[in-house]
Amino acid sequence: MFANTFLSGLLIYFFVRQLSLSKPAALLTAGVYMFNQWHLFYNNMTFWSNVYPVIPWLFLSVLRVARGQRFYLIGITAALAYGWISVMTDVILYVTLAALFFALFLDWTGQSTKRWRATGYYLLAAGTGILFALPRLLPIVDFVELTTRAGGIAISGGWLASAESSGYFGLNTLISLFYPYFSVLYSDFIPFLRGADKLTFLYVGAVPLILLITFFLGWRGTMQKNPLAKYFAVLFVFTFLMLIKYVPLYYLIRQLPVLKLFGGTGKFTFLTFLSGAILCGLALDQLAVWRSTNHFRKLVAVAKYFTGGILVLAVAGNLFLWLGRSRILAWGQSYLAENLYQTATTGRPLEHYRALLEKSFDLATATIRLTNPHFLTAVFFWTLTVGLFLLCLKGRFGDGRFKKILVAVAWLNWLLIWQGFYTLVPETVLTEIPASLEFIRQRSAKGDSYRTFRFWGGLSQYVDLGLDDRNLEDKAKLEIAMLAPNYALLHDIDFAGGHENIVSLRQAKIAALIGSESAPGQTTWIFDRRLPLMNKLSRFQSPVNHRLLSMLNVKYILTSFPFTPPWNRVFETTVTSADIPVYIYENPEVLPRVYFANAVKFIEPEEAPALAELLEIKDFKKTTLIECNLPYCPNLPNKSDPSDRVIIEEIKDGYLKVKISTRHPRWLIYSESNLPTWETTLVQSEKRKVQINLPIYTANYLFQAVYIPAGENEIEFEYPDLWRQNYHVLRRQLEKWLQ
C-alpha cells in the first residue's frame, strides 16, 4: 500500500518534469496525486492501489516514445500487460483509451519527432501488451456472457437514475472539498446528500483547490506557454463531468460498445486526479503571471469573504450545538417515544433508545466541533492559504519563495489532515479464531462437507443491540464472528455468499432470493430499509428459502436473532464489549455436497424457465432438475438401490475425487457451480483403469450433474488450469464458427 503510493508519486514527479514543470510544481503535483482523499480511501485495497502507479508510468512512456526513445515501448507493453491481468480491468480500459488520445494529441500538435509516431508505436505496444494478457483475458471474456454484464449492465430510469445509482457529486461532496471528514447521520435519507458516496470525495487540500480554480481562470495563458495543458484540461473536465448528476455524459458513455459492460463513475476518477494534479502544478508555475490579473484578485477576494463566512459559521454552529444540545435531544427523544418506539425498534427498553439517540447525536456533531483536531486543521489551513494569497497580492513574497511556501503548506496540510485517517485494529482481531468459527471448523475437520451462510440484519440492528458502530475493533470482531462475506477465505470455511462483482447471472439471482448481501445486478430484499426486521426474519425462514438453502448445501446459519424450527440451535456465544449474541443454527434438511438423484425432471437449458421450475420443487431430496435438450436424456434409467454409495476421497477448491458404487446407472449431482471448462473424468476400476470423459449437465439451476454407469468407479471433477481453460474456450468458439 505505502510502496504503491510512494511509487505513484515518484513516477508522476518524473512525468511532469518531462512536461517542463519546475521542481516545486512537480512536488505539488506528486503530493496531490498521492494524498487526495479518493486515493487514500481506496489505497488500503491492494487491487486498487496496485493499478495507481501504472497510470503515470504509461503516460510517461507514451511521451518518451513520442520524443524518439523507443526503449519505452517496453514500458507501454509492460504497463498494459500487467494492467489487463489485474482485477481493475475496467479502469485499465479507460486508462488505455486516455493514453491513446494522449498519443494522438502529441502527434496532432506536432510534439512527436515524426508524424503519427506516438500513435503508431502506442498501438503496436498496446497490442503486444494485450497479446501477453490474452491467455488471462480469454476465459474472462468467455465467462462474461454468463454474468449480469452480458450485453452490458442494464440502465433503468434514464440518465438521472444512472448517475444516482453510480455515485455522483452531491452536497456533502462539495463540502468535502473543504473538509474531508464531513458526515451526516443517515445521509442516505436526505435528498441533497443521498447518492454522494466516497467514490466522489475529492479533498485535495486548500492550496491545490485554489490553484485548480486559478488554472481555469487563466487557462489561455497556460495553454499558450505549455500546449500539453490543453490535453490535461480536457481530460480533467471530461472525467469530472462524469460525477455531475445533471450532466448526461456518464449515461452517454455507458451506451458505447464494451464500455457498457462496466459501471461506476469512480472508475474514471483515477484520471480526474491525474489530470487535476498536473493542472495544479501548471497553475503554480504560472502564478507569477496571474498574480497581477483582475481575475486572480477577484478570486482571492471571494476566497477572503468565503473564509470569513466559514469562521463565522464554525463559531456560530458550535455555540448553537453547545447551547441548544439539551433542547434538540429533548425534541428527538420525544419524537422517538411517540412515533418510532412501537414500530421501528426491536422492543428494548425506551431508555436504551434514548441513550442510543444521545450517543448518535454526539458522534454526528463531533465532526464539526472546534474541539475536533481534523476540523480545526481544515479550517486553519484554508485560512492560512487564503492569508498567504492576500500577502502575495501585497507583494510580500518573491515568486520563487512564494511557490516554495505554498508547496510546504500543502504538504504540511496533507501530513496533519490525514492523521488518524486509517483506523487500525490489532492484528489479533483478524488472526484469532472466534468461538463461532472454531465450532464450524471442528465440524469441517470431521468430514462435514457443508456450506455456511449468515442472516445479517443490517448494522443498525446491531447498534440497537448495543454495538458502538464507531468502535472499529468491536465492529471487526462482530463481522468476523458472524463470518462476513470473504472472511470465510481467511478461516478456510466454505461460505455460500461471498462478495464478487462478476458472478454468473444464475448465481446472482439465487443469492438475491436467499437474502445474500452480495447479488451483483440484482435487487436483494435483505437491504430493503422499508422491510422491518421481523419481516426479514420471516422471509429468511420461509419454506421456499429453507428449500433453496438446503439445495445449496447450507447446513449452518450464523445469526444474532432467534430462529424457529426446523432450524436447530447447536451453538451460541457472545462477542464485542456489548455482548452481542451469535447463534449457529443447523439445517436438518440439508442436501450433501455430492449425492445420487432420485426422481429426475428434465427441461430445456434456458435460464428463466429453469428458475421458475426450480422454485416449484417442494423437496430436492426427492426431485432433481436437470437441463438437457438431448432426446435420449429422459430415456436414461435412474434406478436407485439402498446399497449405492458415494464416498468423498478428496475435496478442495476446484477439485473433487469420489469413489462410487452403484448397482444401476444413475445421475450423480455435485453441488458446485457448473461454470465453463469444468472437466469430469470417470475411472472404471473394474475395467483396468479405463478413463472416460463425461459430459456435464446443469442440475438444480446451478450445479453439476453427470450420468454414470453401474459398478465400482472413481470420478474426478476438476476446474482446469489457465492453459486448459484457453483450450476449452478456443475449441468451443471454433465449434460455433463451424456451425
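In this report, the structure presented in the accompanying data block is examined. (Residues numbered from 1 in each chain as written. Predicted model: local features only at pLDDT ≥ 70, side-chain atom pairs only at ≥ 80, totals over all residues. Heavy atoms only, no water.)

1. Structural notes on the sheet that holds strand 7 (residues 623-627)
The strand order 5-10-14-13-7-6 describes an open sheet built from six strands, whose pairing is mixed. For this open sheet the edge positions go to strand 5 (594-596) and strand 6 (599-603), each flanked by a neighbour on one side alone. Each strand of the sheet is rotated relative to its neighbour by a mean of 35°, with strand direction disregarded. As defined by bridge partners, strand 13 (residues 697-699) adjoins strand 14 (residues 703-708) across three bridges and the pair is classed as antiparallel. Across the sheet, Thr-698 pairs through a bridge with Gln-704, a residue of strand 14. Against the sheet, helix 29 (residues 607-616) makes contact with strand 6 and strand 7, and its axis sits at roughly 175° relative to strand 7, the strand it touches most. (Pairing = 2+ DSSP bridges. Helix = DSSP H or I, 4+ residues; strand = E, 2+ residues; numbered from the N terminus. Axes fitted to C-alpha atoms, helices over the stretch in contact; angles between N-to-C directions. Contact = heavy atoms within 4.5 Å.)

2. Details of the state of the cysteines
Evaluated as defined, the whole model comprises one disulfide. A sulfur-sulfur distance of 1.9 Å marks the disulfide that ties Cys-628 to Cys-633. Linking Cys-628 and Cys-633, the disulfide has an S-S dihedral of approximately 65° and is accordingly described as right-handed. Each of the two residues, Cys-628 as well as Cys-633, counts as buried. Its sulfur unpaired, Cys-280 is 16 Å from the next cysteine sulfur, which belongs to Cys-392. Residue classification places Cys-280 among the buried residues on the basis of a relative accessible area of 2%. (Disulfide = S-S within 2.5 Å. Buried < 20%, exposed > 50% of the residue type's maximum accessible area, 1.4 Å probe, protein only.)

3. Things to note about the environment of Phe-361
Of note, Phe-361 is situated in helix 18 (residues 350-366). In this structure Phe-361 comes out as buried when scored by relative accessible area, which is 15%. For Phe-361 and Lys-618, which are 257 residues apart along the polypeptide, the C-alpha to C-alpha distance reads 49 Å. When residues no more than four places from it in sequence are discounted, the contact partners of Phe-361 are Leu-321, Arg-325, Ile-328 and Leu-329.

4. Points about the layout of surface pockets
Estimated volume of the second largest pocket: approximately 1,400 Å³. Taken together, 40 residues form the lining of the second largest pocket, with Leu-146, Asn-674, Leu-675, Pro-676 and Arg-732 sitting closest to its centre. Those elements that place two or more of their residues in the lining of the second largest pocket are helix 8 (117-144), helix 26 (505-514), strand 11 (679-684), strand 13 and helix 30 (722-738). Examining the composition of the lining of the second largest pocket, we find that nine residues originate from one element, helix 30, more than from any other. Of the residues contributing to the lining of the second largest pocket, the split by class is 19 nonpolar, 11 polar and 10 charged. (1 Å grid on protein atoms, 1.4 Å probe; cavity = no way out; pocket = protein on both sides within 12 Å on 5 of 7 lines; lining within 4 Å. Points joined across faces, edges and corners; volume = space filled by probe spheres on them. Nonpolar A, V, L, I, M, F, W, Y, C, P; charged D, E, K, R; others polar.)

5. Concerning helix 27 (residues 533-540)
What helix 27 keeps buried is the set Leu-533, Lys-536, Leu-537 and Phe-540. Seen end-on, helix 27 carries its buried residues on one side only, within an arc spanning 100°. Looking at the buried side of helix 27, the elements it contacts are strand 1 (451-454), helix 23 (459-464), helix 26, helix 28 (543-551) and strand 2 (554-559). (Arc of directions from axis to C-beta.)

6. Remarks on the pattern of salt bridges
Two side chains carrying opposite charge are able to pair once their charged atoms lie near each other. With the rule as written, the count across this model stands at 25 salt bridges. We note a salt bridge from Arg-666 to Asp-644, for which the minimum N-O separation is 2.9 Å. Placement of Arg-666 in strand 10 (residues 666-670) and of Asp-644 in the loop between strand 7 and strand 8 (645-652) is noted, with a sequence separation of 22 residues between them. Asp-644 matches Arg-666 in its accessibility class, with the two residues each being buried. (Salt bridge = Lys/Arg side-chain N within 4 Å of Asp/Glu carboxyl O.)

7. Structural notes on empty space enclosed by the protein
This model, assessed by the stated rule, comprises one cavity of 30 Å³ or more. The volume enclosed by the largest cavity comes to roughly 30 Å³. Taken together, Leu-177, Phe-178, Tyr-203, Gly-205, Ala-206, Ala-378, Trp-382 and Asn-413 make up the lining of the largest cavity. Its residues assigned to classes, the lining of the largest cavity comprises six nonpolar, two polar and no charged.

8. Quick notes on a nonpolar patch on the surface
There is a patch of nonpolar side chains on the surface, built from Val-315, Leu-319, Trp-322, Leu-323, Leu-370 and Leu-376 and spanning about 620 Å² of accessible area. Considering every element that reaches the nonpolar patch, the biggest residue donor is helix 17 (residues 294-340), with four residues. Along the chain, Val-315 falls in helix 17. (Patch = residues over 30% accessible without salt bridge, like charges linked within 9 Å, V, L, I, M, F, W, Y side chains within 5 Å. Areas by Shrake-Rupley, 256 points an atom, 1.4 Å probe, with all protein chains shown as cover.)

9. Some details on the pairing of strand 10
Counting buried positions along strand 10 yields five of five residues, so the element is predominantly enclosed. Neither face of strand 10 is open: one carries Arg-666, Leu-668 and Tyr-670, the other Trp-667 and Ile-669, and all of them are buried. In this structure, strand 5 lies alongside strand 10, joined through three bridges in antiparallel fashion. The partner of Phe-596 across the bridge, within strand 10, is Leu-668. Here strand 10 runs beside strand 14; their pairing, made up of five bridges, is antiparallel. Paired with Leu-668 across the bridge in strand 14 is Val-706.

10. Points about the environment of Phe-717
As for its position among the elements, Phe-717 is in strand 15 (residues 711-718). Along the primary structure Phe-717 and Lys-659 are separated by 58 residues, whereas in three dimensions their C-alpha atoms are 12 Å apart. Non-local contacts of Phe-717, meaning those with residues more than four positions away in its chain, are made with Gly-654, Tyr-655, Leu-656, Leu-668, Tyr-670, Trp-678, Glu-679, Thr-680, Gln-704 and Val-706.

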